Amino acid sequence: MPYQYESYDVVVVGAGHAGCEAALACARLSFHTLLFTISVDSIALMPCNPNIGGTSKGHLVREIDALGGEMGKNIDKTYIQSKMLNLSKGPAVHSLRAQADKQDYSREMRRVLENTPNLIIKQGEVSEVLTQDGRVSGVRTSSDAVYPCRAVILCTGTYLNARCIYGDVSNATGPNGLAAATHLTDSLKKLGIEMYRFKTGTPARIDKRSIDFSRMEEQKGDEKAVPFSFTTSPDSMTKPQVSCWLTYTNEATHEIIRENLDRSPLFSGDIKGTGPRYCPSIEDKVVKFPDKDRHQVFIEPEGNYTNEMYISGMSSSLPEDVQYRMYRSVAGLENAQIVRNAYAIEYDCINPMQLKPSLEFKQIEGLFAGGQFNGSSGYEEAAAQGLMAGINAARKLSGKEPVILDRSEAYIGVLIDDLVTKETHEPYRMMTSRAEYRLLLRQDNADLRLTEKGYEIGLISEERYQKLLRKKEQIEEELVRLGRVMLGTGPEVQKVLADLSSVPLASSASLAELLRRPELNYVSLKPLDPERKELPSDVIEQVEINIRYEGYIKRQMHQVEQFRKMERKRIPDSIDYDEVPSLRIEARQKLKQIRPESVGQASRISGVSPADLSVLLVYLEQHRQRGNGGLL
Amino acid sequence: MKTDVIAAIATGMSEAGISIIRLSGEQTDAVMEKLFVSKAGVWGTADIAGYTARYGYIMDQGSVIDEVLVLVMRAPKSYTRENVVEIDCHGGVVVTRKILDLVIRNGARPAEPGEFTKRAFLNGRIDLSQAEAVIDIIRSKNDLALKNSVHQLRGSLHGKLHEVRDRILRDTAYIEAALDDPEHISLDGFREELENHTHENLAVIDQLIDSADNGRMLKEGIRTVILGKPNAGKSSLLNLLIGDDRAIVTEVAGTTRDVLEETILIQGICLTVMDTAGIRPTSDRVEQIGVEKARKYAKEADLILYVVDSSVALDGNDEEIIEFIRDKKAIVLLNKSDLNPEIGEEELAARTGKKVIRISAAKKTGLEELEQEIADMFFHGDLSFNDEIYITNARQKAALIEASESLSKVLESIACNMPEDFYSIDLMNAYEELGRITGESMDEDLIDTIFREFCMGK
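Residues numbered from 1 in each chain as written. Chains lettered and ligands numbered in written order. Predicted model: local features only at pLDDT ≥ 70, side-chain atom pairs only at ≥ 80, totals over all residues. Heavy atoms only, no water.

What follows concerns the overall build of chain B. Check the secondary structure of chain B and you find 14 helices and 13 strands. Counting across all 458 residues of chain B, residues that qualify as buried make up 55%. In chain B, the share of contacts with a sequence separation of at least 24, taken over all contacts with a separation of at least 6, comes to 66%. Accessible surface, chain B: about 19,300 Å² in total, of which carbon and sulfur atoms supply 49%. (Helix = DSSP H or I, 4+ residues; strand = E, 2+ residues; numbered from the N terminus. Buried < 20%, exposed > 50% of the residue type's maximum accessible area, 1.4 Å probe, protein only. Contact = heavy atoms within 4.5 Å. Areas by Shrake-Rupley, 256 points an atom, 1.4 Å probe, with all protein chains shown as cover.)

A count of helices and strands for chain A gives 20 helices and 23 strands. A compact globule built from 632 residues would reach a C-alpha radius of gyration of about 26 Å, and chain A, at 26 Å, matches this within 12%. Across the 632 residues that make up chain A, the buried fraction comes to 62%. By sequence separation, contacts in chain A at least 24 residues apart represent 72% of the contacts at least 6 residues apart. About 24,900 Å² of surface is accessible on chain A, with carbon and sulfur atoms providing 49% of the total. Between the averaged position of the 81 positive side-chain charges in chain A and that of its 86 negative side-chain charges there is a distance of 2 Å. (Rg over C-alpha atoms; globule rule 2.2 N^0.38 Å. Lys, Arg positive; Asp, Glu negative; His and termini not counted. Charge placed at Lys NZ, Arg CZ, Asp CG, Glu CD.)

One pass over the structure, following the stated rule, counts 13 aromatic pairs over all chains. Seen in terms of ring centroids, Tyr-174 of chain B and Phe-454 of chain B are 5.3 Å apart; in terms of plane orientation they differ by 10°. Their pairing is stacked. Pair noted here: Tyr-174 of chain B is in helix 5 (residues 155-180) and Phe-454 of chain B is in the segment after helix 14 (445-453), with a separation of 280 residues, a long-range link. By relative accessible area, Tyr-174 of chain B is classed as partly exposed at 21%. By way of ring pairs, the aromatic residues Tyr-3, Tyr-5, Phe-36 and Tyr-147 of chain A are connected into one cluster. Directly above the aromatic system of Phe-230 of chain A lies the positively charged group of Arg-62 of chain A, at a separation of 5.3 Å from the ring centroid. Of note, Lys-296 of chain B hangs over the ring of Tyr-297 of chain B, and the distance from its end group to the ring centre comes to 5.2 Å. (Phe/Tyr/Trp six-rings, centres within 6.5 Å; stacked < 30°, edge-to-face > 60°. Lys NZ or Arg CZ within 6 Å of the ring centre and 35° of its normal.)

Between chain A and chain B, the residue contacts involve 59 residues of the former and 49 residues of the latter. For the chain A and chain B pair, buried surface summed over both sides reaches about 4,700 Å², with 58% attributable to carbon and sulfur atoms. Our count for the chain A to chain B interface comes out at 4 salt bridges. One salt bridge connects Asp-448 of chain B with Arg-277 of chain A, and the closest N-O pair in it is separated by 2.9 Å. (Buried area = accessible area lost by both parts, 1.4 Å probe. Salt bridge = Lys/Arg side-chain N within 4 Å of Asp/Glu carboxyl O.)

Right, let's get into the nonpolar core. With 102 residues, the main nonpolar core has Ile-153, Leu-154, Phe-361 and Ile-412 of chain A as its most contacted residues. In terms of residue count, the dominant contributor to this core is helix 10 (residues 379-398) of chain A (11 residues). Two domains each put at least three residues into this core: domain 1 (3-201 + 347-457) and domain 2 (205-344) of chain A. In terms of nonpolar packing, the next biggest core, distinct from the first, is built from 56 residues, Ile-205, Ile-425, Ile-450 and Met-456 of chain B among them. (Core = buried A, V, L, I, M, F, W, Y, C linked by side-chain atoms within 4.5 Å. Domains from an automatic or database assignment.)

The next thing to look at is the domain arrangement of chain A. Here chain A is partitioned into domain 1 (3-201 + 347-457), domain 2 (205-344), domain 3 (474-552) and domain 4 (569-631). The centre of domain 2 of chain A, based on its C-alpha atoms, is set 46 Å off from the matching centre of domain 3 of chain A.

By way of backbone hydrogen bonds, the strands of a sheet pair with one another, either parallel or antiparallel. Residues and elements named next belong to chain A. Taking strand neighbours across the sheet as the criterion, the 4 strands line up as 12-11-20-13 in an open arrangement whose pairing is antiparallel. Strand pairing shows two members of the sheet lacking a second neighbour, strand 12 (169-171) and strand 13 (195-202), which therefore form its edges. Direction aside, neighbouring strands of the sheet carry axes that sit 25° apart on average. As paired elements, strand 11 (residues 163-166) and strand 12 share 3 bridges and run antiparallel to each other. Each residue of the ladder has a partner; that of Cys-164, found in strand 12, is Asn-171. (Pairing = 2+ DSSP bridges. Axes fitted to C-alpha atoms, helices over the stretch in contact; angles between N-to-C directions.)

This part covers the confidence of the model for chain B. Residue and element names in this part refer to chain B. The predicted model of chain B averages 81 in pLDDT, with 82% of residues at 70 or higher. Taken together, the stretch residues 246-252 has pLDDT below 50 and engages in 19 contacts with residues farther than four places along the chain or on a different chain. Across the predicted assembly, pTM comes out at 0.83 and ipTM at 0.91. (pLDDT = per-residue confidence, 0-100.)

Residue and element names in this part refer to chain A. In this structure, strand 8 (residues 126-132) lies alongside strand 9 (residues 135-141), joined through 6 bridges in antiparallel fashion. Looking at strand 9, one finds that Leu-130 is bridged to Gly-138. Turn length for the strand 8-strand 9 hairpin, with the two strands adjacent in sequence and antiparallel, is 2 residues, and the turn residue Asp-133 shows positive phi of about 50°.

Here we come to unusual backbone geometry. All names here are of chain B. In the segment running from Ala-75 into Pro-76, the intervening peptide bond is cis, with an omega of 0°. Within the fold, Pro-76 resides in the loop between strand 5 (63-73) and strand 6 (84-89). In the Ramachandran plot, Tyr-51 falls in the positive-phi region, its phi being about 55° despite a non-glycine side chain. Take Tyr-51: it is sitting in the loop between strand 3 (36-38) and strand 4 (52-60). Note on Tyr-51: relative accessible area 55%, which makes it exposed.

Right, let's get into the sheet that holds strand 4 (residues 51-53) of chain A. Residue and element names in this part refer to chain A. Here 3 strands make up an open sheet; going across it, the order is 4-6-5 and the pairing antiparallel. The sheet is open, and its two edges are formed by strand 4 and strand 5 (79-85), each paired on a single side. With strand direction ignored, the average angle separating the axes of adjacent strands in the sheet is 20°. Relative to strand 6 (residues 95-100), strand 4 runs antiparallel, the two sharing 3 bridges. Each bridged residue has a counterpart across the sheet, and for Asn-51 the counterpart in strand 6 is Gln-99.

What follows concerns helix 8 (residues 285-300) of chain B. Look at helix 8 of chain B: 23 Å from first C-alpha to last across 16 residues, which is about the 22 Å you get at 1.5 Å a residue. Where helix 8 of chain B is concerned, the buried positions are Glu-287, Gly-290, Val-291, Ala-294, Tyr-297, Ala-298 and Glu-300 of chain B. (Expected span 1.5 Å × (residues − 1).)

All names here are of chain A. At a minimum axis separation of 7 Å, helix 1 (residues 17-28) and helix 10 run at an interaxial angle of 25°. For the element pair helix 1 / helix 10, the angle class is roughly parallel. Relative to helix 10, the crossing made by helix 1 is right-handed. For the pair helix 1 and helix 10, contact is made by His-17, Ala-18, Glu-21, Ala-22, Ala-25 and Cys-26 and by Tyr-379, Ala-382, Ala-383, Gly-386, Leu-387, Gly-390, Ile-391 and Ala-393, respectively. A breakdown of the residues in the contact of helix 1 with helix 10 according to their chemical character gives 10 nonpolar, 3 polar and 1 charged. (Parallel < 35°, antiparallel > 145°, perpendicular 65-115°, else oblique. Left-handed = near helix turned anticlockwise from the far one by under 90°. Nonpolar A, V, L, I, M, F, W, Y, C, P; charged D, E, K, R; others polar.)

Shown next, in the form of structure tokens:
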């Protein structure tokens, strides 16, 4: 018997990394929020790799934190190893990555959710999204309960019609044998939503006691762990860290794989979903790169209270007996005991071009979506979308304009713009090469870029905001000061420079000019700068980066100006592309499908040429003039 | 909003008369400051009032390029509602292009197709009712420009550009792959390799800039294609037109297997004449390619000269050509008209619906009549001269210069020992600029290359 339950402002479907951020954002913005999960014990589950961050993903976590999200704080509490990647390269690509204690991570996030006012957690499967006149009106569960609500955020991850496959074994479950959600897809299709079928995979987990680490290279964490969250004190990051281990596949491994390719569901055609190019299975790697005689394999702990080790680099959907031989052919894994098999997972997700940049469905008001459901991959990508979907659902209910980060403001902006504008045929992974203004979008300045926005949204406390303003002020003041303090060519100055193996000054120069010399830095210049006040290290870092890379930064800022001109040219919702004369057919079709919000967004649609844009600009101006004419 | 200065040749290009180079934008005075000096010795146009002309010289590094009249219009009283300067020069292909080049070197950029009109409209200068006409202009000019930039680019240059672009893309993909997956891909020792590649790329681009200066990049002029059956006398006609024996003339049918081309002037009108392989079915693979090329060029031609051997009866090959030229501007040339004719002038005129002229390539007769016909067609407007080509060339050159500058910055960054992620910014700039020439956009090239070339990920 169907029955009606009490009503909520927002219902979030799924409590993975996207769902958690979405629910927290809505509840923290004072909306009565109900979070559905198929299993309360799997909140913020990390079903694949045991780490958070990494190249460009670390940036996302910092941005989530700067806007008032939870992921950064949660990993700071539960990391077991911390590493800053790419330190030998420029500051824009420095990327933080932490190994997580998976169970701790999940438990800690659950504790935060359970103690957040306005947030109710409920175990159950949502089977239907209810609408009235093109607007969300509630959800129905598989137990036939109806929950009226004003907004729904779908964060179903990899659970929709999920199927886990290895060899000829195929289980209709979500990750880790958890129940799949089998009803919702049909309901969404009935609402006219276009679905995709994607796949991804995970490697085996192996018992630590069966691994010979003496045959592997130890991979330690950084001596000084760095927090993700701008609110975590760097001094608190003192936990002992665990190591990861590096080993390699070899020709024998590859031979085993090649001999058994015909037994892989990927090659037999049993798996129809599209997999990510970024996370290829080991059989994919062997087939695509036949010249490589070995592939790296990282052995990563799943946590402090388990012997399970994650075998990074060897995801697979080969049959169990082949997996067994394949893993045991790797140096150090000769006696490996597999705890969990590797498997591929297939699931339903949407074509994200059906979403607005606010992550609301274009054709259904009040229906939002985030995470892997939107065709992305990765915990961090999911959390970032969940946060934005949560924020924008809340703003919708308050009658406010959505918050849309553009490509020059945040990796989150790049991520969402790519998803809703460019066709994706595989699970989308964030990459640093996707961010065209990455010199400005550094992980070190995420707070300077976004925390003010977070404050305006209502997810950043007054205290944190004031701290940010103080930091900005200190950076500005110090930049001005360093440009003004001039050094002469006196013997004391030349002596200090000589001691620092730097060439003497030919004529007087400012401290800022000296800072541009690669061999010098802020700290080493102290003897030449007696007036200097004590400044926090994060302020010094910003000052150094700004001075050292000034030329490049200025150039990117100029590009951003050009970019924003086009972003500011809005396209009215009411535009009828059939009325725009002279668009080429391909451009017209794409524009009708995607319905970009600005000329800038239109320019990034493949198949829309510069001439089409010119035509569009002229048409919009015509439209505008007509509109004005009508008012007069 | 500050808009950049755009420039273009406003008049059709021919060897006669006056040509006008038009500039529009906020900073036109800043551009003119560097290249115009009045008779009285005052540099620039800053002191010239709107709707006033001044006589003077266009200067390049101390030497006079041309004696000109400069007309200044001040915003908003101009076609685009921006500051506009028109340079009336003495015309001629070489001088006009030199001045445009100079203007671009000094801070203007070549206008996009239809951009003056677009600005005029966006700045409210053109009436709403004309908006659709504006759109048509943009559309048609862009289509033309695209056709020019892709089809007019000489084959070998196209190949070179692709090579350079490809190399840049691979280098960038390598860097980016290593940035995204530092644990699998190392950049050790890559700087030297990149430095070498970049030097090679720069050499090619700089050579292309030179060839753009010499006008060798694009085929400029009315694209005129000579068509006909093998041995109808096409190559002899080309020789006749250019007045020497450049095209090989033999008695063996099927000699011209590739496409020969020459630029000629007829009464001041510039023609690029292409001699093609005779159209006939053939089993010779090389000749086949030639015949296919002939068809392709004919499709893009502004004018077709169809040569018919009057001593041989029309056959299926002629049928094909006659069908082909039905919707094109064409002149039929009845060659070997001194021999016993198999085909009459009237018959041919009736079948083709085109003007038929009797010539004898061997005896060099009929040439005058042909030249007069071409000139008439041109001056009656039947044959439009494609001035977009010049501006396309200027645009392409500007893109090459941008690409060259970006690659120089890469070398600078390497010399300054900057981290590798800084290189790819300028590499991608160069890649995109070169893409403007070949008409290709970047889209997912980089990501696709990263995944194709490098084994990434966990």
